[in-house]
Amino acid sequence: VEPALLSLVCFKLNERRKSRQKPVIDSDLLKSTGRDIINEFYEECLRDLPESTRRFIEDELISRSGFRKSYPRKDATDQNLITEEQLDRLMNDRLLKVENHMGHEGIELVHDLLTDVVRESRDRRLKAQDEERRKKQVDEIRQRAWQRFSIGIGLVGIVCIFLAVYSYHQQKDAVAARAQTEELVAFMLGDLMAKLKPVGKLDLLTDVVERSNRYYESIDPGRMTDRSVSKNAVAQRILGEIEQARGNPEKARSLYGQSYQVFKNLTDKERGKSEWRRELGITSLKLGIIERIRNNGDKAAALRHIEQSLLIFQGLVNEDPASLQWQKDLADAYIERGITRYGTDDEKAFEDYQEAHKIAKRLVDGDPENPRWLGVLATSYYHLGGIEKMRHHWPEARENFQNCFEIRKKLAALDPGNADWQMDLASAYQKRGEVAQKNEAPERAIAEYLQSHQIFSRLAARDPGNMAWQENLMAICNRLSNLYEMKNDPDQGRVYADQYDEIRRRLEMAGAGRR
């Protein structure tokens, strides 16, 4: 041991012995204060030195796992990692030393005794940096979410104003006005869709889409370009998504069908155009989903549409494997086919979820922080867990649901204003509750269900017209009511049973109104 370091430790130990009125320095005193002494020594050595000196010591003089290592002296000073003056001071303080290794001088810590203290200091620093970086990231995302919402509302007004201005001028300069309007409508529909959907305000698009439809209906079909036709089809599909969210599957199906026919005609006309093919694949997938979820859903029709989208996306991926968006489209289609097969062909459903999982893993491995790729990976874990749960493979189900939960919790924290991610997190809490309930841990199950209930309640209050959110809230109320009844807490059970009944009545009234 470096004599100066040993002398320091002995001196500090003796000071603590005297303060504690111990007759001798014993092993208990050494265990309880030895680390503190070294830590104080380390911090005292670095006092008044720049942060870059600490970073050099902690990042370059110990390994990731905490072992002492050497760094070339010349490289360190040439790269301004540490100056000669700072090095001399730390050598005089007996924190660092310079050793000759095969003719080259290397800077090292004076003893292995220091490595734990240095590693812990490094870990605290890196953790603080990560937390600060995450805080800034969350603040930025929250700010963007608010801007997205505010700008979205403003853009709705801009589009409506522009369309009104166009209708005034259309007689004066029809060709130029139509070109300008179509460009703006196309931009606004795509941009607004991306901005309003994550914050649960898709209904704000209704007026824009309907005005867009009236605009396209006013044009002589013989004068519409393929681009105009395609943008109108996109508008129809967006309106279908709005109707689907409102709980109007038949209207959504009709709108998706109109959009599908347009993109089929465009694709038949120009088969080499990947843009039309992708739009046809997206619309076919939407049709498959709505066929599955509408009243008296037709699984066979759903599978036909979803398998058509799979063929389209697979073809696009084969043509350009580097297109990550097409890879995601393919994974989404595998998941939807798995959902459609679930309950009638569980083995095939499991294979679909596995294919989606493989694609998602590749995407995440290439870009670990991409929220879209992480979202697909979490969804694949969610459905793989569902299959394992159905098979009564509870350890595998628990592991998949936990993996799903961790990703969705991370995404929800990144953007608390993103309604889709919040809903996904609520569903992950629910699955954890189901596993806990199966393992006869009712208190744990209730805790998970309450987390899910809290999120679904916020979402349902944000958009009362979103039937899916209302139905999810109703389902979690039912689970909580039943669990509290099982725990012989009927009063608390009645609270959630009443909420369940209230939501059900509202949904029934809304359904009657739609009919």
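Structure: above.
Only a predicted model underlies this, so the values are computations on that prediction, with no experimental measurement involved.

1. Observations concerning the overall build of the protein
Part 1 of the argument: Along the protein, the regular secondary structure elements total 20 helices and 3 strands.
Part 2 of the argument: By residue count, 45% of the 515 residues in the protein fall in the buried class.
Part 3 of the argument: For the protein, the proportion of contacts with a sequence separation of at least 24, taken over those separated by at least 6, is 62%.
Part 4 of the argument: Accessible surface, the protein as shown: approximately 26,700 Å² in total, 50% of it carbon and sulfur.

2. Observations concerning the nonpolar core
Part 1 of the argument: Among the nonpolar cores identified, the biggest contains 74 residues, and Phe313, Leu330, Ile407 and Leu473 are the most heavily contacted of them.
Part 2 of the argument: If one sorts the elements of this core by residue count, helix 19 (residues 467–486) sits on top with 9 residues.
Part 3 of the argument: Setting aside chain neighbours within four positions, we find leucine 473 in contact with His453, Phe456, Ser457, Ala460, Gln499 and Ile503.
Part 4 of the argument: The next biggest cluster of nonpolar side chains, apart from the first, holds 23 residues, and it includes Cys45, Ile57, Tyr71 and Val110.

3. Here we look at unusual backbone geometry
Among all residues except glycine, the phi angle is most often negative; among peptide bonds, the trans geometry is most common.
Part 1 of the argument: The phi dihedral of aspartate 48 falls on the positive side, at around 75°, and the residue is not glycine.
Part 2 of the argument: Within the secondary structure, aspartate 48 sits in the loop between helix 2 (27–46) and helix 3 (51–60).
Part 3 of the argument: Using a relative accessible area of 72% as the deciding quantity, one classes aspartate 48 as exposed.
Part 4 of the argument: Although it is not a glycine, arginine 94 sits at a positive phi angle of roughly 65°.
Part 5 of the argument: When you line up the elements, arginine 94 lands in the loop between helix 5 (84–92) and strand 2 (96–101).

4. Considerations on the side chain of serine 452
Part 1 of the argument: Counting through the fold element by element, serine 452 comes out in helix 18 (residues 442–462).
Part 2 of the argument: Only 2.9 Å separates the side chain of serine 452 from the backbone oxygen of alanine 426, close enough to count as a polar contact.
Part 3 of the argument: If sequence neighbours within four positions are ignored, serine 452 has contacts with Ala426, Tyr429, Gln430 and Ile476.

5. A short note on the sheet that holds strand 3 (residues 104–109)
Within a sheet, adjacent strands bond to each other through the backbone by hydrogen bonds, running parallel or antiparallel.
Part 1 of the argument: The antiparallel open sheet is built from 3 strands, whose spatial order is 1-3-2. With one partner strand each, in any of the chains shown, strand 1 (71–72) and strand 2 form the two edges of the open sheet.
Part 2 of the argument: For strand 2 and strand 3, the ladder comprises 6 bridges, and the chain directions are antiparallel. The partner of asparagine 100 across the bridge, within strand 3, is glutamate 105.
Part 3 of the argument: Along the sheet face, helix 5 touches strand 2 and strand 3 and points at about 105° away from the line of strand 2.

6. Thoughts on the side chain of aspartate 329
Part 1 of the argument: Following the sequence through the fold, aspartate 329 ends up in helix 13 (residues 324–341).
Part 2 of the argument: Of note is the side chain of aspartate 329, whose polar atom sits 2.6 Å from the side chain of arginine 278.
Part 3 of the argument: Filtering out sequence-adjacent residues up to four positions away, aspartate 329 remains in contact with Arg278 and Phe313.

7. Observations regarding the packing of aromatic side chains
Part 1 of the argument: The full count for this structure, using the stated rule, is 4 aromatic pairs.
Part 2 of the argument: Centre to centre, the rings of phenylalanine 56 and tyrosine 71 are 5.5 Å apart; their planes meet at 90°, and the pair counts as edge-to-face. Linking phenylalanine 56 in helix 3 with tyrosine 71 in strand 1, this pair joins segments that are 15 residues apart in sequence.
Part 3 of the argument: Directly above the aromatic system of phenylalanine 350 lies the positively charged group of arginine 391, at a separation of 4.2 Å from the ring centroid.

8. Side note on the packing of helix 17 (residues 419–438) against helix 18
Part 1 of the argument: Close contact between helix 17 and helix 18 brings their axes to 8 Å; oriented N to C, the two are set at 155°. Relative to helix 18, the element helix 17 is oriented roughly antiparallel. The handedness of the crossing between helix 17 and helix 18 comes out as left-handed.
Part 2 of the argument: When its residues are assigned to classes, the contact of helix 17 with helix 18 shows 11 nonpolar, 7 polar and 6 charged.

9. Remarks on helix 9 (residues 226–245)
Part 1 of the argument: The end-to-end C-alpha distance of helix 9, which contains 20 residues, comes to 29 Å, matching closely the 28 Å that a straight helix rising 1.5 Å per residue would cover.
Part 2 of the argument: At the C-terminal side of helix 9, glycine 247 shows a positive phi close to 90°.

10. Examining the environment of proline 72
Part 1 of the argument: Tracing the sequence through the fold places proline 72 in strand 1.
Part 2 of the argument: As for proline 72 and glutamate 108, which are separated by 36 residues in sequence, their C-alpha atoms are 9.2 Å apart.
Part 3 of the argument: Ignoring any residue separated from it by four or fewer positions in sequence, one finds proline 72 in contact with Glu105 and Gly106.

Conventions adopted
- Residues numbered from 1 in each chain as written.
- Predicted model: local features only at pLDDT ≥ 70, side-chain atom pairs only at ≥ 80, totals over all residues.
- Heavy atoms only, no water.
- Helix = DSSP H or I, 4+ residues; strand = E, 2+ residues; numbered from the N terminus.
- Buried < 20%, exposed > 50% of the residue type's maximum accessible area, 1.4 Å probe, protein only.
- Contact = heavy atoms within 4.5 Å.
- Areas by Shrake-Rupley, 256 points an atom, 1.4 Å probe, with all protein chains shown as cover.
- Core = buried A, V, L, I, M, F, W, Y, C linked by side-chain atoms within 4.5 Å.
- Polar contact = N/O pair within 3.5 Å; in protein donor to acceptor, adjacent residues only side chain to side chain.
- Pairing = 2+ DSSP bridges.
- Axes fitted to C-alpha atoms, helices over the stretch in contact; angles between N-to-C directions.
- Phe/Tyr/Trp six-rings, centres within 6.5 Å; stacked < 30°, edge-to-face > 60°.
- Lys NZ or Arg CZ within 6 Å of the ring centre and 35° of its normal.
- Parallel < 35°, antiparallel > 145°, perpendicular 65-115°, else oblique.
- Left-handed = near helix turned anticlockwise from the far one by under 90°.
- Nonpolar A, V, L, I, M, F, W, Y, C, P; charged D, E, K, R; others polar.
- Expected span 1.5 Å × (residues − 1).

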